[in-house]
Amino acid sequence: GYYALSMLPDRSIQNTPDLKEYYGAIRDNRLPVRTGLIHNRSRQLVRNLVMPLKNRDLPKKQYLARTGVYVNDVFGKQIALLKKYGLLEETAETLRPTAKGRLFIDDATQIFFQTDYLPFPKAGYKDGPLNPYLDKEPPASFPAASSAEK
């Protein structure tokens, strides 16, 4: 639909926000896409964690099925920090924001982003353990998909 955002396993697509352009594309038998992005491996790993947390919770089996890796193998340190500060809770099956975490979910999930995708420069964040610029490893450190079971 008009101005819709579609999230596919390895890409995001957004339709045009311009109604004239939208209906013109449909009339011309074209997709009304304004922009799209193909996600690299590190973006896929982050997106498959952040989007479910922003919407409700993350079933860990879902993350494994979509990425081929265990969420704690990739983001264990960040998950532990968010749990320590009462922003995230974890069971054997699920990760979910706490009531406090839900209030700050956009800010809290920035801890998972690579610095190239953060909305503000380093000077825009206060120093502290949840600063998303701290302890960042290069994107090459993200594991490749594997079928290994634990």
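As a reminder, the structure under discussion sits directly above these lines.
Chemist: Help me understand the environment of serine 42, please; the structure alone is not making it clear to me.
Modeler: Position of serine 42 among the secondary structure elements: in helix 2 (residues 41-55). For the pair serine 42 and phenylalanine 113, spaced 71 residues apart in sequence, the C-alpha to C-alpha distance is 9.0 Å.

Chemist: In this structure, what is going on with the environment of proline 9? I would like to understand it.
Modeler: Its location among the elements puts proline 9 in the loop between strand 1 (5-8) and strand 2 (11-15). C-alpha separation for the pair proline 9 and histidine 39, spaced 30 residues apart in sequence, amounts to 8.6 Å. When sequence neighbours within four positions are dropped, the list of residues in contact with proline 9 reads Gln44 and Arg47.

Chemist: Please clarify how the packing of aromatic side chains should be interpreted in this entry.
Modeler: Describing an aromatic ring pair means giving the distance of the ring centres and the angle of the ring planes. All told, the structure shown has 6 aromatic pairs when counted by the stated rule. With centroids separated by 6.3 Å and ring planes inclined at 40°, the aromatic side chains of tyrosine 2 and tyrosine 3 adopt a geometry described as tilted. Under the relative-accessibility criterion, tyrosine 3 is labelled partly exposed at 46%. Ring plane angle 80° and centroid distance 5.3 Å describe the contact between phenylalanine 75 and phenylalanine 112, whose orientation is recorded as edge-to-face. With phenylalanine 75 in helix 4 (residues 71-84) and phenylalanine 112 in the segment after helix 6 (105-108), the pair connects residues that are 37 residues apart, well separated along the chain. According to the relative accessible area criterion, phenylalanine 112 is buried, its value standing at 1%. Counting every residue linked through ring pairs, the aromatic cluster contains Tyr2, Tyr3, Tyr22 and Tyr23. Its end group placed over the ring of tyrosine 117, arginine 43 keeps NZ or CZ at 4.1 Å from the ring centre.

Chemist: Teacher, can you tell me more about the pairing of strand 2 here?
Modeler: Two strands pair when backbone bridges link them, and strand 1 and strand 2 are joined in this way by 4 bridges, in the antiparallel orientation. Its bridge partner lying in strand 2, leucine 8 is registered against arginine 11. Linkage of strand 1 to strand 2, two consecutive antiparallel strands, is achieved through a turn of 2 residues. Pairing of strand 2 with strand 3 (residues 33-38), which is carried by 5 bridges, proceeds in the antiparallel orientation.

Chemist: Even after reading the chapter, I still don't get the side chain of threonine 109, so can you show me in this structure?
Modeler: Relative to the helices and strands, threonine 109 resides in the segment after helix 6. Residue threonine 109 is classed as buried on the basis of its relative accessible area of 1%. Of the polar contacts made by the side chain of threonine 109, one reaches the backbone oxygen of aspartate 106; its length is 3.3 Å. The residues contacting threonine 109, other than those within four sequence positions of it, are Val50 and Lys54.

Chemist: Would you mind showing me how to read the environment of valine 50 here?
Modeler: Mapped onto the fold, valine 50 is located in helix 2. A relative accessible area of 3% means that valine 50 is categorised as buried. With 69 residues separating them along the chain, valine 50 and proline 119 place their C-alpha atoms 15 Å apart. The contacts of valine 50, once residues within four sequence positions are left out, are Thr109, Phe112 and Phe113.

Definitions and limits used
Residues numbered from 1 in each chain as written. Predicted model: local features only at pLDDT ≥ 70, side-chain atom pairs only at ≥ 80, totals over all residues. Heavy atoms only, no water. Helix = DSSP H or I, 4+ residues; strand = E, 2+ residues; numbered from the N terminus. Contact = heavy atoms within 4.5 Å. Phe/Tyr/Trp six-rings, centres within 6.5 Å; stacked < 30°, edge-to-face > 60°. Buried < 20%, exposed > 50% of the residue type's maximum accessible area, 1.4 Å probe, protein only. Lys NZ or Arg CZ within 6 Å of the ring centre and 35° of its normal. Pairing = 2+ DSSP bridges. Polar contact = N/O pair within 3.5 Å; in protein donor to acceptor, adjacent residues only side chain to side chain.

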